[in-house]
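Listed below are the residues making up each chain.
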Amino acid sequence: MTSNLSAELVSIGTEILLGEITDTNSVFMARALRDMGINVFYMISVGDNKQRIADVIRTSLSRSDIVITCGGLGPTVDDVTRDGVALATDRELVFHDELLQMIAARFEKYRVKMTQNNRRQAYLPAEALVIENPVGTAPSYIVEVGDKVVISLPGVPREMKFLMNERVVPYLREKYGIAEQIILARILKTGGIGESSLDEMLGNELLEASNPTIGLAAHSGQIDIRITAKADTRAQASDMIDSVDQAVRKRAGEYIFGVDDDTLEQTFASLLQQNGATLAITETGIGTTISERLLTAMGADLMHTTELHESPEALREFLAIEDGSLQALANGAAKRLLEQTGATVSIAVVSRPDVDENSDKEAGTAVVVCTAEKARHRVYGFGGRNENVKQFVGNWSTAIAWRMAKELFNV
């Protein structure tokens with residue numbers, strides 16, 4: 001039955017729409033539902049307006065079995081989730097004196113005076129099932145609408161997580177007859193290939209399968225392939241993943257560098273070590289972004305040379321090049337380093353240290369990876385001050401260096 005169950009998550013709070021906070025609650029709830037085999041097709045954010053909340057909930061109920069709202073259960077005038085749920089389900093708000101007493105007891109326990117506006121929290125939609133909240137003061141509730149349900153949880157992450165795990169999950173399992181299942185996941189990590197190319201390589205047959213499922217998560221220079229299987233036993237789930245793993249490797253195995261916690265740096269270091277090879281790096285305008293990242297995994301024996309320059313102008317003077325683009329500078333630096341050091345692979349990064357984002361005007365960072373046989377390059381629109389430098393430049397250059405080394409060693 002769970003394969004046909006669907007849920008929607010509604011995050012309530014104007015502060016989310018204003019960009020003042022990040023909605024991490026929906027991520028947690030989605031994972032909890034996923035682990036029960038419940039499909040989540042929509043995540044919605046709506047402000048503190050009871051009519052808009054009601055409209056969203058009505059729409060969600062029209063297409064899903066389970067609607068979980070998060071936030072808007074506090075005592076202030078803009079906490080209108082209760083009103084929105086009541087409006088959406090055509091119910092009156094009913095005062096629960098026992099709830100007010102429970103709220104008062106919690107305030108007394110914390111030795112805090114309860115204000116009059118906390119009475120609002122004791123009003124719930126008629127016939128709602130109360131979810132006692134032992135870790136906070138906001139009562140939560142469930143409104144059953146035929147075979148469907150609306151569940152309202154508080155927006156405070158600590159309270160939401162407790163109630164989701166301890167109250168909501170058991171309720172849903174019982175109501176919909178959801179048996180305990182084993183859910184296993186394995187991540188195959190790929191490098192040196194773009195997401196669209198990998199997607200095409202794997203094909204719809206694999207990517208659209210329902211169990212196990214395959215999902216792609218893109219980073220710059222690295223794509224993760226997540227294989228997730230649901231089964232009655234761990235052995236069954238593992239066998240299912242093994243089967244898909246083999247199918248993926250037949251199509252894209254040359255780009256897979258590791259599984260789960262493996263890192264590209266470690267894999268690259270092992271490849272160099274096994275083949276008696278070394279790496280040389282020159283960095284301009286970004287400090288030791290790449291060398292520090294790789295040195296931890298490789299050690300000094302594999303890191304043949306690291307060379308630093310303060311700015312493109314300093315590098316240009318060092319190379320005795322009167323002019324040239326960032327890419328031309330990076331290309332010249334990479335080839336020079338390779339020739340003078342005798343390293344197997346070289347990486348050159350040239351970045352404008354005082355530029356943050358300049359993608360619509362000119363290059364901010366250029367990267368070149370070089371072996372004796374070939375060179376690969378990439379140019380980014382952000383410079384050394386941009387927070388993306390370490391992730392994007394590091395991922396891409398390491399992934400390409402690993403791929404080129406593999407080709408060089410025929411592995």
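Residues numbered from 1 in each chain as written. Predicted model: local features only at pLDDT ≥ 70, side-chain atom pairs only at ≥ 80, totals over all residues. Heavy atoms only, no water.

1. As for the sheet that holds strand 10 (residues 213-219)
Quick note on the threshold: Whether two strands pair comes down to DSSP finding at least two bridges between them. The way it works is that DSSP assigns letters per residue, a run of H or I at least four long becomes a helix, a run of E at least two long becomes a strand, and they are numbered from the N terminus. Angles shown run from 0 to 180 degrees and are taken between the N-to-C directions of axes, each axis being a line fitted to C-alpha atoms and, for helices, limited to the stretch in contact.
Taken together, four strands build an open sheet; the order of strands is 10-11-9-12 and the sheet is antiparallel. For this open sheet the edge positions go to strand 10 and strand 12 (256-259), each flanked by a neighbour on one side alone. Ignoring strand direction, the axes of neighbouring strands in this sheet form an average angle of 25°. Here ten bridges tie strand 9 (residues 182-191) to strand 11 (residues 222-231), and the two strands are oriented antiparallel to one another. Residue pairing across strands places I183 opposite K230, the latter belonging to strand 11.

2. Observations regarding helix 2 (residues 25-35)
Our working rule: Buried means the residue's accessible area, taken with a 1.4 Å probe over protein chains only, is under 20% of the maximum for its type, while exposed means over 50%, and partly exposed covers the values in between. Each C-beta atom gives one direction from the helix axis, and the arc is the one those directions make. Whether two residues touch is decided by their heavy atoms; if any such pair falls within 4.5 Å, the residues are in contact.
Within helix 2 the residues assigned to the buried category are N25, S26, M29, A30, A32 and L33. The arc that holds every buried residue of helix 2, seen down its axis, measures 160°, which confines them to one face. Residues of helix 2 that are buried in the fold lie against strand 1 (6-12), strand 2 (39-46), strand 3 (66-70), strand 8 (148-153) and helix 6 (157-176). The first or second residue beyond helix 2 is G37, which carries a positive phi of 85°.

3. Thoughts on the packing of aromatic side chains
Two numbers describe a pair of aromatic rings. These are the distance of the centres and the angle of the planes. Put simply, the rule is: Centres within 6.5 Å make a pair out of two Phe, Tyr or Trp rings, where for Trp the six-membered ring is used; the pair is then stacked when the planes are under 30 degrees apart, edge-to-face when over 60, and tilted otherwise.
Within the structure shown, the criterion is met by three aromatic pairs. When the ring of F95 is compared with that of Y123, the centres are 5.1 Å apart and the planes differ by 55°; the resulting orientation is tilted. Here F95 is found in strand 4 (residues 93-95), whereas its partner Y123 is found in strand 5 (residues 123-125), with 28 residues between them in sequence. On the basis of relative accessible area, Y123 is assigned to the partly exposed category, the value being 32%.

4. With respect to unusual backbone geometry
Omega for the peptide link from N211 to P212 comes to 0°, which places this bond in the cis form. Relative to the elements of secondary structure, P212 occurs in the loop between helix 8 (204-207) and strand 10. The phi angle at D90 is positive, at roughly 55°, despite the residue not being glycine. Structurally, D90 can be placed in the loop between helix 4 (81-88) and strand 4.

5. A short note on the pattern of salt bridges
Any two side chains of opposite charge can pair, so long as their charged atoms come close to each other. What counts, and what does not: Definition used for salt bridges: Asp or Glu carboxyl oxygen within 4 Å of a side-chain nitrogen of Lys or Arg.
Throughout the structure, instances matching the rule amount to 13 salt bridges. A salt bridge links R63 to E8, with the nearest nitrogen and oxygen atoms 2.6 Å apart. Of this pair, R63 sits in helix 3 (residues 50-63) while E8 sits in strand 1, and the two are 55 residues apart along the sequence. Under the relative-accessibility criterion, E8 is labelled buried at 0%. A salt bridge links E307 to R336; the shortest N-O distance between them is 3.3 Å. Highlighted residues: E307 in strand 14 (residues 303-309) and R336 in helix 13 (residues 326-341), separated in sequence by 29 residues. Here E307 matches R336 in class, with each residue buried. Via salt bridges that share partners, R186, D242, D245 and R249 belong to a single interconnected network.

6. Observations concerning the sheet that holds strand 1
The strand order 2-1-3-8-7-6 describes an open sheet built from six strands, whose pairing is mixed. Only two strands of the sheet have a single neighbouring strand rather than two, namely strand 2 and strand 6 (129-131). Direction aside, the axes of adjacent strands within the sheet are offset by 20° on average. Strand direction decides the pairing type here: strand 3 and strand 8, joined by five bridges, are parallel.

7. What about the packing of helix 10 (residues 264-274) against helix 14 (residues 388-409)?
This is how the line gets drawn: Angles are sorted into four bins: roughly parallel if under 35 degrees, roughly antiparallel if over 145, roughly perpendicular if 65 to 115, and oblique for all others. The hand of a helix crossing depends on one turn: near helix anticlockwise from the far one by less than a right angle means left-handed, and clockwise means right-handed. Only Asp, Glu, Lys and Arg are considered charged, only Ala, Val, Leu, Ile, Met, Phe, Trp, Tyr, Cys and Pro nonpolar, and every remaining residue, Gly among them, polar.
For the pair helix 10 and helix 14, the least separation of the axes is 10 Å and the interaxial angle reads 30°. As summarised for this structure, helix 10 and helix 14 are arranged roughly parallel, according to the angle between their axes. You can see that helix 10 and helix 14 cross each other, and the crossing is left-handed. Counted together, L264, E265, T267, F268 and L271 of helix 10 and N395, T398, A399, A401, W402, A405, K406 and F409 of helix 14 form the full contact between these two elements. Tallied by class, residues from the contact of helix 10 with helix 14 come to eight nonpolar, three polar and two charged.

8. Examining the environment of G364
Relative to the helices and strands, G364 is located in the loop between strand 15 (345-351) and strand 16 (365-370). Between the alpha carbons of G364 and N211 there is a distance of 44 Å; along the sequence they are 153 residues apart.

9. Digging into the side chain of E265
Within the secondary structure, E265 is located in helix 10. Residue E265 is classed as buried on the basis of its relative accessible area of 11%. When sequence neighbours within four positions are dropped, the list of residues in contact with E265 reads R293, L294, A297 and T398.

10. A few points about the nonpolar core
Note the cut-off: Throughout, nonpolar core names a set of buried Ala, Val, Leu, Ile, Met, Phe, Trp, Tyr and Cys residues whose side chains join them through atoms within 4.5 Å.
Core analysis: the biggest nonpolar cluster contains 31 residues, and F268, L279, M298, I347 and V369 have the highest contact counts within it. Residue assignment for this core shows that the elements contributing at least two residues are helix 10, strand 13 (279-284), helix 11 (289-298), strand 15, strand 16 and helix 14. At ten residues, the largest contribution of residues to this core is made by helix 14. The residues contacting I347, other than those within four sequence positions of it, are L279, A280, I281, T282, L294, V368, V369, S397 and A401.

11. Structural notes on the pairing of strand 10
Strand direction decides the pairing type here: strand 10 and strand 11, joined by seven bridges, are antiparallel. Bridge pairing links I214 to I227 in strand 11. Hairpin connection of strand 10 to strand 11: two residues between the antiparallel strands, including G221 at a positive phi of 85°.

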